[in-house]
Amino acid sequence: MIITEENKYYTCKYDRPFKEIMLNKKNEDILKILLKKILKVDIKEIVYGNVEQNTGNIKIRRKYYDVLLKTDKGEIEIELNAESVDYVHPRNTAYISSLYASHTLVGENYTEDTNIIQVNLSYGLNDIKDMRVYKLQDDEGKEFVKNLIVVEVNMDFYEKIWYDKDELGIEENKYLIMLNRNYEEQEEFKKYIKDKKVVRYMEQLNKLNESPIFREYMTYEEDQRKIFNSRMKEATEKGLEQGLEQGKIEIARNLLNMHMSVEDISKATDLSITQVEELINK
């Protein structure tokens, strides 16, 4: 495989390749060991949530959550944040709040029996810690609820381990470090790591990158992300004059004109699906 500017190699830094590999039942063992590394618990059972349908057609966009899993340790939502921008934390908070509400309001009683966990794999945090665990609690550490947990993994911390060629660190953190190894780095990575799971992961990632359908999707997805980021910046600047909400509406209109799905526009702008649908008829 020859990597050029036009022939970019997509790692699991991005949500689509992560989904295609980690939501494959054949790779459940890799997903479990990755979650064990992050959450410090053994995940024995995984049921893949139906909030986001796996259609079998890579061109059809999945709905709403990046990855939603029901496990013996609770419901786990995984978000891939390839860059750090101002709206990421508020957006992800909206997602986990929605998931918490939809779970808690089911049934006749409010309970804290099931953990609702969001795992953020984030790049560009400019943080010195490897990961942070957030809970809803007061300044003395008293928890308001015990079952709402946000774990943010500082992926740049693990990138540094790789670029420092820290052999012990690479071995200990191999399942996180492997997620962003490009094609040219893989052979070197395998010199440090003798692990069949890692080899299987890399073989599947290479095969995915060779798929014309996948590459067509990723090119389109990246274009939309760049358009959205520039529109969001423009909207933020205009927000002082016309309000951020109106700016979001203008972005939504532009994305509708580019035939982006209602669900994706809702996710990108934080407008509700109903708000976006109302724009279609205006």
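Residues numbered from 1 in each chain as written. Predicted model: local features only at pLDDT ≥ 70, side-chain atom pairs only at ≥ 80, totals over all residues. Heavy atoms only, no water.

Caption draft 1: Representation of the confidence of the model for the protein within the structure. On average, the protein scores 83 in pLDDT, and the residues at 70 or more come to 82%. Counting contacts from residues 51-64, a segment whose pLDDT is below 50, to residues more than four positions away or on other chains yields 37 contacts. (pLDDT = per-residue confidence, 0-100. Contact = heavy atoms within 4.5 Å.)

Caption draft 2: Structural view of the packing of aromatic side chains. The final tally for this structure, using the stated rule, is six aromatic pairs. Between the aromatic rings of Tyr10 and Phe214, the centroid separation amounts to 6.1 Å while the plane-to-plane angle is 85 degrees, which identifies the pairing as edge-to-face. Placement of the pair is Tyr10 in the segment before α1 (15-22) and Phe214 in helix α9 (residues 212-242), with a sequence separation of 204 residues. Overall, Phe214 belongs to the buried group, its relative accessible area being 0%. Relative to Tyr158, the ring of Phe157 lies with its centre 5.3 Å away and its plane at 75 degrees, an arrangement referred to as edge-to-face. Accessibility expressed as a relative area gives 2% for Tyr158, which makes it buried. Put simply, the rings of Tyr10, Tyr14 and Phe214 pair up and form one aromatic cluster. When the ring centre of Tyr217 is taken as origin, the NZ or CZ atom of Arg16, which lies over that ring, is 4.4 Å away. Looking at Arg181, its charged tip hangs above the ring of Tyr163, at a distance of 5.7 Å from the centre. (Phe/Tyr/Trp six-rings, centres within 6.5 Å; stacked < 30°, edge-to-face > 60°. Helix = DSSP H or I, 4+ residues; strand = E, 2+ residues; numbered from the N terminus. Buried < 20%, exposed > 50% of the residue type's maximum accessible area, 1.4 Å probe, protein only. Lys NZ or Arg CZ within 6 Å of the ring centre and 35° of its normal.)

Caption draft 3: Structural detail: the pattern of salt bridges. Considering all chains together, one arrives at 17 salt bridges under this definition. Between Glu28 and Lys32 there is a salt bridge; the shortest N-O distance is 3.4 Å. Of the two residues, Glu28 and Lys32 are both situated in helix α2 (residues 28-39); the distance of four residues between them amounts to about one turn of the helix. Since its relative accessible area comes to 22%, Lys32 is described here as partly exposed. Taking the shortest distance from any N to any O, the salt bridge between Lys160 and Asp164 comes out at 2.7 Å. (Salt bridge = Lys/Arg side-chain N within 4 Å of Asp/Glu carboxyl O.)

Caption draft 4: Quick look at unusual backbone geometry. Within the chain, Lys40 stands out as a residue other than glycine whose phi angle is a positive 60 degrees. In this fold, Lys40 is placed in the loop between α2 and β1 (46-48). For Lys40, a relative accessible area of 59% corresponds to the exposed category. We note that Asn126 has phi near 60 degrees; this positive angle belongs to a residue other than glycine.

Caption draft 5: Region of interest: the nonpolar core. Phe18, Ile38, Ile78, Leu121, Val153, Leu179 and Tyr201 are the most contacted members of the largest nonpolar core, which totals 43 residues. In terms of residue count, α2 provides more of this core than any other element does, six residues in total. Counting eleven residues, the second-largest nonpolar core is a separate cluster that includes Ile249, Ile251, Ile265 and Leu271. (Core = buried A, V, L, I, M, F, W, Y, C linked by side-chain atoms within 4.5 Å.)

Caption draft 6: Structural detail: the environment of Leu125. By secondary structure assignment, the location of Leu125 is in the loop between β4 (116-122) and β5 (131-135). Since its relative accessible area comes to 21%, Leu125 is described here as partly exposed. Sequence separation of Leu125 and Met155 is 30 residues, and the distance between their C-alpha atoms is 8.4 Å. If near-sequence neighbours (up to four positions away) are discounted, Leu125 is found in contact with Ser84, Glu152, Val153, Asn154 and Asp156.

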